[in-house]
Every structure is written in C-alpha cells, then in structure tokens.
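A closer look at the structure
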Protein chains: 4
Amino acid sequence: MSGNSFGRSFVVSTFGESHGPALGCVVDGCPPGLPLTEADLQVDIDRRRTGVSQFVSQRKESDQVRILSGVFEGVTTGTPIGLLIENTDARARDYDKLRDRFRPGHADYTYQQKYGMRDHRGGGRSSARETVMRVAAGAIARKYLATRLGVTISGYVGQVGKIILAPVDPAAAYDNAFFSPDPSRVPELEEYVWNLRSAGDSVGAKVTVVAKGVPTGLGEPVFDRLDADLAHAMMGINAVKAVEIGDGVAAAAQRGSEHRDEMTPTGFLSNHSGGILGGISSGQDVIVHLTLKPTSSIQVPGRTIDLSGAPVGVVTTGRHDPCVGLRATPIAEAMLALTLMDHYLRNRAQNADVKSQTPAI
Amino acid sequence: MSGNSFGRSFVVSTFGESHGPALGCVVDGCPPGLPLTEADLQVDIDRRRTGVSQFVSQRKESDQVRILSGVFEGVTTGTPIGLLIENTDARARDYDKLRDRFRPGHADYTYQQKYGMRDHRGGGRSSARETVMRVAAGAIARKYLATRLGVTISGYVGQVGKIILAPVDPAAAYDNAFFSPDPSRVPELEEYVWNLRSAGDSVGAKVTVVAKGVPTGLGEPVFDRLDADLAHAMMGINAVKAVEIGDGVAAAAQRGSEHRDEMTPTGFLSNHSGGILGGISSGQDVIVHLTLKPTSSIQVPGRTIDLSGAPVGVVTTGRHDPCVGLRATPIAEAMLALTLMDHYLRNRAQNADVKSQTPAI
Amino acid sequence: MSGNSFGRSFVVSTFGESHGPALGCVVDGCPPGLPLTEADLQVDIDRRRTGVSQFVSQRKESDQVRILSGVFEGVTTGTPIGLLIENTDARARDYDKLRDRFRPGHADYTYQQKYGMRDHRGGGRSSARETVMRVAAGAIARKYLATRLGVTISGYVGQVGKIILAPVDPAAAYDNAFFSPDPSRVPELEEYVWNLRSAGDSVGAKVTVVAKGVPTGLGEPVFDRLDADLAHAMMGINAVKAVEIGDGVAAAAQRGSEHRDEMTPTGFLSNHSGGILGGISSGQDVIVHLTLKPTSSIQVPGRTIDLSGAPVGVVTTGRHDPCVGLRATPIAEAMLALTLMDHYLRNRAQNADVKSQTPAI
Amino acid sequence: MSGNSFGRSFVVSTFGESHGPALGCVVDGCPPGLPLTEADLQVDIDRRRTGVSQFVSQRKESDQVRILSGVFEGVTTGTPIGLLIENTDARARDYDKLRDRFRPGHADYTYQQKYGMRDHRGGGRSSARETVMRVAAGAIARKYLATRLGVTISGYVGQVGKIILAPVDPAAAYDNAFFSPDPSRVPELEEYVWNLRSAGDSVGAKVTVVAKGVPTGLGEPVFDRLDADLAHAMMGINAVKAVEIGDGVAAAAQRGSEHRDEMTPTGFLSNHSGGILGGISSGQDVIVHLTLKPTSSIQVPGRTIDLSGAPVGVVTTGRHDPCVGLRATPIAEAMLALTLMDHYLRNRAQNADVKSQTPAI
C-alpha cells in the first residue's frame, strides 16, 4: 500500500535512506534450490556503483551486500532472502543548506507536503541510492532467469542529451563507463559530460533494455499486462519520464499494415511490438526504452521557496551525477529481471500445466 | 494475481468477453455517502460507444449500465458496487474464419499460447470492448474526485497518424467525433480516416489526458509512485505502446536548468514535470500522454500461421475501428480517474492527519 | 483493502445485498481447460438454499446462477468468470421497523458507525444471503480439486445447542436437512429446532469440514500458513466465533508426547494436528471445526438504541433461521475449497518444480 | 504470496532463520510523526526473550534491535522502517542429529516436502525465534495505538495443561514469568513446568489477549472482518490450534436471547461478542483466546522417518520451551496490535470522513 514492495509472486520489499545506517530488502517467493552467493549479487551492484569514474557521483560506497537469510549451504531454501548494505560514506553535513529549502524539480517539496516532514540528507528515501537494493534483488531474478530459463538481459544508453548513440555493439555497453553501445563515441561522451559537470548542470538520457529468450505467455491481462507492469517498473525508477515498448512513440504515425509483425512457422518477420502482444510475451525479444530527465541537483542557481513558503534561492552542492541516466542501465536491467521473474511465477500459478496445440515459433 | 483487478484501495475487478453474454465489474472501496445514479455512469460510457459515427466500429451496442449493489436510496453505502452491461449486438459468426488462425499483431497467438485455448469471437477478453467497464467504474471515481476534491479530468487526441493536432481548444475535444482539440481540423481528419477505412488499413494515434486540481501528496514511493501507477494504468489499455509524463521523451535532450520547474510562493514557473515530483503529485496539472499503435484488425492481407503452426494468409473482417486511438480518450480519462482515486484513498490511509508547515503553492 | 475479495491466486470478489437486485462475483485466476457448467455450481447452491424445510428461513429464492464470462464452449478459458444470481423474493417492507433501530448482537450498529449509513433491508450486505456467492465460487474450486487432484470435501453439523452429534455416518450429512452425521437423531433435532422457532429464539452450533486427499506442501509460512488462512476463511463466515484445527481447544490440556502424530513409512499414526504442520499440509485429512453463535434476529424482545441513540425495544420479524449453523455446512465447505484451491495455485507459483527426496507417506 | 508479509496498509515483511546470521523486517505504511526509539521496541522484545527463567528455552540471545531506516531525528518519517536483530547464541551443532530425520508433530517433514529441502538448524524459518520480529514490529503499532488512539493491549495465560488460571488480576500477568493472571498460583505453575521439563515432555496452553479503547468501525466485511483477520493473525503464530472471539466455542450451546449483547445509551449490557459485530469493532473490548499445542520438540522418544523415508526413532535435544504457550503472550499481543493498526489505516482509507448521526455508546 505504501509503495515499498514490488511484485506479487516474487516480492521485493526495500528500506533505507541515502544517509541512514543501511539499505536492505526482503525477497519473498524465490523458488528453492537456486545456488546463490553474495558474489552473484555483487557483480550488478558494482556496475551501478558511484565513485568509479569522474562522470558519476563521487560518493565512495563499497556497497558490500550481505545475505542474512533464505540461503542454506549455498542454495536458496524458499524462505525469504534478507539483504543488507551498510552506508559507509554518508556525509550528511553536505546537505545542511537544504534542510529548510526545496530543490526545484526534486522530491523535496512533495515529500514535505505528503508526510509533513522529510529526511533532507541526500534526499533521504527519494535518493537514487535506494536503487542499490533493486539491483541486488534483481540479480537473484536474473540468475534464476538465466540458469533455469535461458533468459538473458542487457541494456545500453541510447541517448545522452543531444547525442544519439546507435546500437553498433550493444554488448560493449556492458563495461564502459557510459554504457554506450557505440564504444567509439566514448571520448565524445567524456568531453560532453565533463563540460556539463564543469557548468554545474545536468542532462537527460535514454536507456534501452532487452530480454532475449523470454518464454511465451508471461503477462496477466487485462490490467497487469506484461507491458503495463514493465511500465510500472520502469516509471518507478528515479527520474524516468517516459516508457516505450518496441516502437513506442513512433507507432502513432504508423499504419497497421506496417506495424503488425507477420508470422511464419519459423518466426516473426519483424518486432515492432517489442515482444508483447495483448499484454502477453510472444517469445520475441522484449524491448523497453526509458527516458530519464536531467537531475535537478545542479549548481546553477534557481528560485524556490523555503519551509515557511518564503522565496529563496538554491544551489545544490553535495556529490551528484551530471547525468543520472548513465547509471540507470543496471537499474533498468534489474527492474526488467524482477518483472519477468514475477510474471514467470504468476503465470505458473494459473497455467503451470497448459499445453497449446500450436508450436512456439 | 491474474490481472483483472485494478487498484489497491479503490479496486475495480472486471469480467466479460466481446461476444459473451455480458460485461461487468465490482468496485470495492468506494467511500460511502456519494450520490450515484446509473445516469452518472452513462455519460462517459456513451462517449466511448461504438456505432456513433462512421469513423469508428459499426457495432451497435446500447451499453446500458445497471447498478446492482452498493447504492441505497441514491447514495453509495461503502459496500461493493456491482455493475453490469449486457451484450446485445454480438455477431460471433463474423469471426468464424479466425477460429483457426492468428491475426498478426494481435493477442490471438499469445492468448493461445498462454492459456492453451482462446475465445476467438471478436478477440474474446482481449477486445477493446472490455474497456467499457473501466469507463463505467472510472465515472464513479470521476464523480468523487470532482464533487469532493474539485479535480477535473479531460483529454484529447493529439495525433492521428501523421496529423499533429495542437491543443488550440482542448475543451472542444469533449464532444467532437475525433476528440480533436482543434475542431477546425475535423474535416481533414474525417477525410483521412475515411480513406484509411476504404484502404482497409489502420493508423496509430496519440492521446493526452490532464487532471486539474489534484491535491499534493498522491503517490507512494518508491515503487508505486503516482507516475509509475499511471504508466501501469495507461500501458494496460489496449494498443498503448508508450506512456509519457509531462515532457516525456523530450526530457532526454533537456538540461537540468531547463527542465526543473522553479518555485515561488505563488506557484511553479513551469510544468515540465507533468505535475509529479519524486513520484508524488505536486499540485500542478497532472499531464499524461499515451501512444496507441494502429490496430492489427485490418483488411490488408497478411502472413500468419494457423493453430497447427502451418503458414496461412489472413484478412480481418468484422467491425473494427480504423484508429483505436479515437475512442481511447474516455478510456484514458477513466484510467486517470481510477488511479488518482486509488491514490487519494491510499494516501489517506497512511497520512490522513498530516499537516505540513509549508503552505501549498 | 475493503474486504470483498478472497484469495491471492484464485481470487473471488463478491457484491450484492440481501434485498438489492442481485448478487454476483468475479472469479479470477481459474486455470483454463476445466469443463464447467451452471449445473456444476447449482448443486452446492441448492444445498444452502432457504425455504427448503421448515427449519430454515422461509424466504423462497430460486437461486439460479448464470455464468457470464470465462467459459467458452463448456470449458474455462483462464479469463475471469463472472457469476450472477438475481434476487426474486426480497420483501424489503418486512424490515421497515428496523430502519431506525439496531438489533442487539447484529451488524446493524457497527455498519452504521463505520459507514455513517446502512441498507437496513434484511441486513443489507451483512446478511447471510451474501454467502450464496461464496458457495457458487467454491463449487468451481471444488470441481477443480476433485477432478484434477482427487481432493474431496465434506462437512457436517456436530452440535446444535446442547445436542452433540457424533460422526456416526458423516456421509449421510450430505443430504439431510440438518446436515447431521447421525441421521438417527434427525427427529430429535426437528423437535428441538421446532420448539426454538416457536419460542422465537435461536441457538448456536458447531460445524466440521474435512478435506481428504490434500497434497503435501500447501500453506505459506510464516503468516499465510494454511491453518491461518483457513481461520481467516472460516471466521469470515457470518456468526462464526471460533475456529479449531484438528484437536483445537483440546490441545491446551495435552502433552507433547500425546499430541504429536508419529510417522511411519506407511503413514501417520494419528491426526491430532488436523493435517497441518508448521502451517503446511502434511497429506493427512485437513480437519476444521467452527462454532457459530445463535443469530440475533429473534422475536424475544430486547433492549437497544435507535439512530439518535435513544433507548428503544426491538423484536425482529422477517424470515430468519432459528439456527444459522444448519445452513453453514455448504458455506464452510466452499470456504475450505476456496482456501485449498488458492493455496494450490500459490504453492505452484513458487514451487512448481520442487521434488523432494523423501517419499510422501 | 509466499506468506512473509502481514497486513495491507501497515505491512510487516519479515525474514530470518533460527540459526542464520540475523532476523529482520520492513514495516511499511507507518504514519509519519510518531516519536520512536529502539527502547520503545526493546520492552516487548525483552518480554518474549528466552533464557530469562528456568521455565523457558535456555538459549541466551540479547535480542538488541536496531532501527535502520524510517526514523529521522527520533520521529517516523513515513518511509519504511527497517529493523534488525543479529543472532548471537546460535548453536547449530545441537541439531546435527535432526539433519536427516523429521520430528513428529513438527514442521520438519512439511518444509522438506514443500521446498524439497530445509534448514534443519533449530527448525530454520519454522522456529518460534521468527516471532521476535513480530514483537518488534508490533511494538510500533502498539505505540501508535496507545498514544494516538488510547488503545491499550494486554494478555495473559489462562491455562497451562490441566491448570486453569482465572483472571483474578490480569494486570499482574505483565511481569511474572508465567504471564499468569493469578499470581498466587505461580508456585504451582513452577512445580508443574519443572516436572514437565524433567520428564522431557511438553504441554499445551491457552492465552487471552484484550484490546481496550478500540474505535468503532474497524474491520472490512465480508472477507476481511476484524475477527477473520484476527483469526488469521493468531492462527499464524507457531503452535496455535484454535482461535476464539468473545465467548468462542461456548457460543454453540447458547441461545440468541442469551448471547446477544443488549444496548443502552450508556453502553452494552454484556460482551459475549468479544467486541466485534458483523466483523466490525463495536467499541467494546476486543477479546481473543488462542490455544497452543504442546511443542513436539521433546525428549520422549518417538517414531518417525528419515529423509529416505525409512523408519527411525527421534529424541529432540537442543534448547526448547516445555510450554511454548508461556512466551506466546507478548507475541499474541503484538499480532493483536498489528491487526488493529492495519485495520485502523484500512478503515481510514475508505471512511476517513464518515460521520454517523448515532452517538457512540
């Protein structure tokens, strides 16, 4: 009800603030028998870490995750998995100036009005730091999907501000600092983001995530279609302002004879749909695009109000990402993994023994 | 779990197929004391009806809704509200040819694979006919929001295929056949859609919905942010491929100093955010855009497979909309109303007695 | 949230008042492929009907159920099943005297205080008439459990007031008017209840329900144990004041060496536990006892207050059961079926492919 | 879905095993602005601790709780509250003998069959150690209920084996080792339990919990009645076999004219109902009784099977309670607090602005 749990069958409940003692979560519903170690989670956690390049926030967190339950002798037991990461590089004092005023474009004002108060240190719960637990939990889903179902998940940054990045080599996005699918343009991105940081400004971005090998039949119409739940998952990531499935906004200008993906016994002839038809996975690649706004934690002075409602100016210091989209790729991958995992289990509840007379194409 | 309920506090559970005996729903959680008649619901139901112009499906359903419970002496009682609409103009035989084959770009194939079978008549549960109950239930939410909170909801079609419609007069969209915010361009739209229908093809569209007067504080971070739940609601409408909040995809190219909405004691200086910050309503207009794909129920012959997986051709006859986006406006308005209503009640559970020291701006 | 849905995977959402136009429900999550007709539901509906003997309420409802969706060509499709029963023998005027006063021991006062108003006609939503939809939905679960899993469900009345009925022939309870497991005592019960009715009074009862053939592994610790969810299901039936599993209240006086059910390769040596260990079904018979209070709709004058809070007297006329426990057997059987069905699907979501090295005993 | 969350609006999700590194939980939905410290939680945690007398398990855990989030400057913020207790006195080797065999009457066998494996150390997740987190979370609810609504919750042990304890002085139960409401009988209980322990056997018990000052209107008919959710809460505590509300099983033998609680402008004339009518709180004391079975972790040899299904004997060593009912009082109090808190928020969502014309009595 209060929004800190994700999923119905594979349920992740998270807690923790940017500058509190720790972040943690409970993962309930994981099938038993999955080999799982902390190292399995650490890979993705490290991919979203801050402080690893000069193009992201300079906060240095080791982000070492501990598994506190639900795993016995290296294997999941079916009981809830508790995860914990302690905060070690919190610097609350950086935020003293924000205690009594609201950054425009930020959650400061709305948290204040909703709850009557807020933890102003680093944005408290509204900080992107919260997403570390999504990545940790997502790694469990990802391992299950990969090892049991052969589903692989990947992502890349397709746009940074005005720079459009073609998916020349999507696999290369895995390990460059910009998650760029075109590694040849990394120097250009470095200069671009460096200039932004120098100007104290920020910029938006686009991220694409793709799942290959998704079984047919995932998604629960009419309300919890796979695309609807993916939209919920992705729009629930900090700073996301748009979610597109397959051709997305381009579909508005298409004709039916152009958009529909024709079918043959050996497969679909195109993938405009992004792998989802009628809210149910078709067996094609599931393709999701998200647009992230430029963060409002910038050093360009702006007009705002204070706690009493009086007009004041604001400049955000502290350690921030000039482009939050850059670190969004592993987070979006995690949300894709969590959504698919949840729907795999949900579908199994109702349809575990369904056999269709039609062969999968 | 199986996806036919929407909401947590104001919960709508729907049933019914395109060519079954009836469509219905249960609305659970409506506050007591709201004056409610069938006429209140009929207004919006009639706005999404088929058969009312030559530019939409020619199926003639009277769509008369009955309230079966939850209202006593003209007022809601707090118990669940049962709604029912009988199907009267079903023509199942139109679909005999689709019994053994799948329309490309349609839910036919995925329903078959998920459930091992399907009601092929008019798409069964995957038909847009299902949305009539969303509109009926949405009308209850809408009445509550309007009469108790002063929230008004409206919508319009912003794009039909290549034609972009500027919001010259959004109010005019309420009662023209194209929900066009620029009534002067209706003749152009008529010709465009008429030509499409003649060609047996279809086209995509964009729809915008706006809520004015939304109280501050709606939305439950971190997963059930207001924007995340709106994305879920809108992407769950048939044919929707993209959901944008505020500036949406345009935010990717913006700078932080451009996107952020500065604040003054008398209000925000812009609304790039679409009325939502940190997943919580800010008090500004909530603005959502959705992109609908062109329907795949077209008469242009296409390649597909049959139940046994063999290659066949397909042409969709039956009665269809050349642009499903045209009738999507009242549906999207309903989903906006349902989402806001649900979040109003959800927020009240936790925060009913919150008072912020900061005045609303 | 507002309490009119039951289950997580096999979800029943009901609506309807005692003297409104109709009662109905949506059953979401039923596996596809189950042959289902209205006649399948009617059997149990008829077992709980009023007006069939002089020992129950004299209201004459035909209780003909209609399936409005989710079944195509005689088989469930996996989409939600809509059910409807119209009220035909409502006599609202019988209740005019109760409009302004509260029956002691009844829901009248608490509905008024919770919702600020109430439908006073026959108790509105609080009437046992509401349970007809539980029985209808339960019949679907029952059919699935019986035909797919070999689970059979039965029940009987074990006590009526001071009369204790030994389970001499539990099968005989299926079709005598008192659901008595000792048919030889039916004449005694007839006289007892007839005298009660003459005195305008009512009496409590105990009902036992049993499920045989339940698979091992149903129940979700730690909170949604099978016994916990059965307690929720049974205590949620009108007038129930106690729920016991297996030995129930007698366990307080037992020793561990007496209560524990020892195990051998060919089975358990006793069943004190009622078929549930650690909240999970053990494969033994699941045994649940419920105690129902005497209804407060009696003709013995009583003291109460009216809408304004002033003291008044009250006598309940209208048509009522002198012992609501008598018709509770099919309702409790239905709730047992719904709970097991829901847990069967829930367990399948997480554990569909679990294989234990230990053979079932 | 997998059962480790409790509540809908005030939601507690727990994790942790008896002999794992730690136990923890997330409490989501707590209203903001509640002063809260670790000391507030520690009081009740300490009341359920082991090792404090010779009549309970001798495991020595300090049970120091840490608040990891959701509290800022001593006050709840509305964001999720993370709680953690590290295990410090686990002795996994005590359980080596149980690795390959199942204690009769215990969850060992059913966990094995459900999940295909189990953490055998101290019962793993099925251990009563899990309840420490319920008590911690319950203390938050309890503080809110007490300070905001004036609701007080208390409990006592009403029966230990054959010994029935009259509520001579219920308040005295708060701080004697047996939670006995008749302190004069503590020496008798000491002898009784001491003899049991010496015999290596265990015994059942009854516990009563009472909430005073509960507002009218809590409970969500028809399925989530307050009594139904209390039954779910209490039957979900380890070893509970029966839940009774008010007169409970005694109601079976009562007449309507005897059971109904007559009403006057100054209050009810009796409380047979246990404070709940039609599933909704009436404003009277809410009274719940639970029966706990004797634990099966005893030293009396018993027959069972091993992992391969072969017959073996078993004797449980390790540190156990001879009467698990003794420590159940604070756990049942916690579950009562959690249920009331959840329903207070749930009711507020739908009915926050309801005003009844009838004065509360």
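The structure presented is a predicted model; accordingly, all values stated were derived computationally and were not measured. (Residues numbered from 1 in each chain as written. Chains lettered and ligands numbered in written order. Predicted model: local features only at pLDDT ≥ 70, side-chain atom pairs only at ≥ 80, totals over all residues. Heavy atoms only, no water.)

**Topic: the overall build of chain A**
The helix and strand tally for chain A stands at 7 helices and 18 strands. A compact globule built from 361 residues would reach a C-alpha radius of gyration of about 21 Å, and chain A, at 21 Å, matches this within 12%. If one aligns the C-alpha atoms of chain A with their principal axes, the spans along those axes are about 65 × 50 × 40 Å. Counting over 361 residues, chain A shows a buried share of 69%. Sequence-distant contacts, at least 24 apart, represent 71% of the contacts inside chain A between residues at least 6 apart. Carbon and sulfur atoms make up 52% of the accessible area of chain A, which totals about 10,100 Å². (Helix = DSSP H or I, 4+ residues; strand = E, 2+ residues; numbered from the N terminus. Rg over C-alpha atoms; globule rule 2.2 N^0.38 Å. Buried < 20%, exposed > 50% of the residue type's maximum accessible area, 1.4 Å probe, protein only. Contact = heavy atoms within 4.5 Å. Areas by Shrake-Rupley, 256 points an atom, 1.4 Å probe, with all protein chains shown as cover.)

**Things to note about the pattern of salt bridges**
All names here are of chain C. Enumeration according to the criterion identifies 115 salt bridges over all chains in this entry. Here Arg103 makes a salt bridge to Asp108, at a shortest N to O gap of 2.9 Å. Asp108 carries the same exposure label as Arg103, and that label is buried. (Salt bridge = Lys/Arg side-chain N within 4 Å of Asp/Glu carboxyl O.)

**A few points about the packing of aromatic side chains**
Evaluation of the coordinates by the stated rule reveals 20 aromatic pairs over all chains. Judged by centre distance (5.6 Å) and plane angle (70°), the ring pair of Phe102(C) and Tyr109(C) falls under edge-to-face. In this pair, the class of Phe102(C) matches that of Tyr109(C), namely buried. Each residue in the set Phe102(A), Tyr109(A) and Phe268(B) is aromatic and connected to the rest through ring pairs, giving one cluster. (Phe/Tyr/Trp six-rings, centres within 6.5 Å; stacked < 30°, edge-to-face > 60°.)

**Thoughts on the side chain of Asn238(B)**
Counting through the fold element by element, Asn238(B) comes out in the loop between helix 5 (226-235) and strand 11 (240-245). Given the relative accessible area of 13%, Asn238(B) is considered buried. At 2.9 Å, the side chain of Asn238(B) and the backbone oxygen of Ser126(B) are in polar contact. Non-local contacts of Asn238(B), meaning those with residues more than four positions away in its chain, are made with Arg225(A), Ser126(B), Ser127(B), Ala128(B), Glu130(B), Thr131(B) and Leu292(B). (Polar contact = N/O pair within 3.5 Å; in protein donor to acceptor, adjacent residues only side chain to side chain.)

**Considering the relation of the copies chain A and chain B**
For the pair of chain copies, the relating transformation is a rotation about an axis with a translation along it. Between chain A and chain B, which share one sequence, the superposing operator has a rotation angle of 180° and an axial displacement of 0.0 Å; the RMSD is 0.0 Å. Here the two chains are linked by the operation of a two-fold rotation axis. Residue His232(A) of chain A places its C-alpha closer to the rotation axis than any other residue of that unit, at 2.4 Å. Both copies present the same face, since 99% of the interface residues in chain A are matched by interface residues at the equivalent positions in chain B. (Least-squares fit on C-alpha atoms with pLDDT ≥ 70 in both.)

**Notes on the relation of the copies chain D and chain C**
Turning chain D through 180° and shifting it by 0.0 Å along the axis lays it on chain C, with an RMSD of 0.0 Å. With an isologous cut-off of 70% or more, the 100% of interface residues of chain D that recur at the interface of chain C puts this contact in the isologous class.

**What to know about the interface of chain D and chain C**
Chain D puts 120 residues into the contact, and the matching count from chain C is 121 residues. Between chain D and chain C, roughly 9,700 Å² of surface is buried when both sides are summed, and carbon and sulfur atoms account for 58% of that area. The three residues of chain D that bury the most area against chain C are Met1(D), Lys114(D) and Phe223(D), which together make up 9% of that side's buried surface. Viewed at the interface, chain C and chain D are joined by 8 salt bridges. Residue contributions to the side of chain D that touches chain C peak at 7 residues, all from helix 2 (residues 108-115) of chain D. Of the residues in the side of chain D that touches chain C, the class split is 50 nonpolar, 46 polar and 24 charged. (Buried area = accessible area lost by both parts, 1.4 Å probe. Nonpolar A, V, L, I, M, F, W, Y, C, P; charged D, E, K, R; others polar.)

**Structural notes on the interface of chain A and chain B**
Across the boundary between the two partners, chain A contributes 121 residues, which contact 120 residues of chain B. Roughly 9,700 Å² of surface becomes buried between chain A and chain B when both sides are summed, with 58% attributable to carbon and sulfur atoms. Ranking the residues of chain A by area buried against chain B places Met1(A), Lys114(A) and Phe223(A) at the top, with a combined share of 9%. Summed over the shared surface of chain A and chain B, the result is 8 salt bridges. In this structure, the salt-bridge partner of Asp201(B) is Arg255(A), at a minimum N-O distance of 3.7 Å. Where chain A meets chain B, there are 67 residue pairs in polar contact (both at pLDDT 80 or more). The dominant element in the side of chain A that touches chain B, judged by the number of residues it contributes, is helix 2 (residues 108-115) of chain A, at 7 residues. Of the residues assigned to the side of chain A that touches chain B, the class counts are 51 nonpolar, 46 polar and 24 charged.

**Concerning the environment of Pro215(A)**
Residues and elements named next belong to chain A. Within the secondary structure, Pro215 sits in the loop between strand 10 (205-212) and helix 5 (226-235). Taking the C-alpha atoms as reference points, Pro215 and Asp89, separated by 126 residues in sequence, lie 42 Å from one another. Excluding anything up to four places from it in sequence, Pro215 contacts Leu149, Val151 and Ser281.

**Let's talk about the pairing of strand 18 (residues 311-314) of chain B**
Residues and elements named next belong to chain B. Of the two faces of strand 18, the one lined by Val312 and Val314 is fully buried and the one lined by Pro311 and Gly313 carries no buried residue. The sheet contact formed by strand 17 (residues 302-305) and strand 18 spans 4 bridges and is antiparallel. The partner of Ile305 across the bridge, within strand 18, is Pro311. Hairpin remark: strand 17 followed by strand 18, antiparallel, with 5 residues in the connecting loop; positive phi at Gly309, about 95°. (Pairing = 2+ DSSP bridges.)

**Description of the packing of helix 1 (residues 38-47) of chain B against helix 3 (residues 131-149) of chain B**
All names here are of chain B. Between helix 1 and helix 3, whose axes approach to 8 Å, the crossing angle comes to 135°. Put simply, helix 1 runs oblique to helix 3. The interaxial crossing formed by helix 1 with helix 3 has right-handed handedness. On helix 3, the residues that touch Asp40, Leu41, Asp44, Ile45 and Arg47 of helix 1 are Val132, Val135, Ala136, Ala139, Ile140, Arg142 and Lys143. (Axes fitted to C-alpha atoms, helices over the stretch in contact; angles between N-to-C directions. Parallel < 35°, antiparallel > 145°, perpendicular 65-115°, else oblique. Left-handed = near helix turned anticlockwise from the far one by under 90°.)

**Topic: the pairing of strand 16 (residues 286-292) of chain A**
Residues in a regular strand point their side chains to alternate faces of the sheet. All names here are of chain A. The buried count for strand 16 comes to 6 of 7 residues, which makes it a mostly enclosed element. Alignment of strand 10 against strand 16, held across 7 bridges, turns out to be antiparallel. Within the sheet, the bridge partner assigned to Lys206 lies in strand 16 and is Thr291. The pairing of strand 11 (residues 240-245) with strand 16 spans 5 bridges and is antiparallel. The partner of Glu244 across the bridge, within strand 16, is His289.

**Let's talk about the confidence of the model for chain A**
Reading predicted coordinates in detail is not appropriate for stretches of low pLDDT. Mean pLDDT over chain A stands at 94; residues scoring 70 or higher make up 99%. Both scores are given for the predicted complex: the pTM is 0.98, the ipTM 0.97. (pLDDT = per-residue confidence, 0-100.)

**Some words on unusual backbone geometry**
Of all residues except glycine, most have a negative phi; of all peptide bonds, most are trans. All names here are of chain A. Geometrically, the link from Pro221 to Val222 is a cis peptide bond, its omega value of 10° lying close to zero. Checked against the element boundaries, Val222 lands in the loop between strand 10 and helix 5. Notably, Asp63 is not glycine yet its phi reads approximately 55°, a positive angle. Tracing the backbone shows Asp63 in the loop between helix 1 (38-47) and strand 4 (66-67). Judged by its relative accessible area of 1%, Asp63 is buried.

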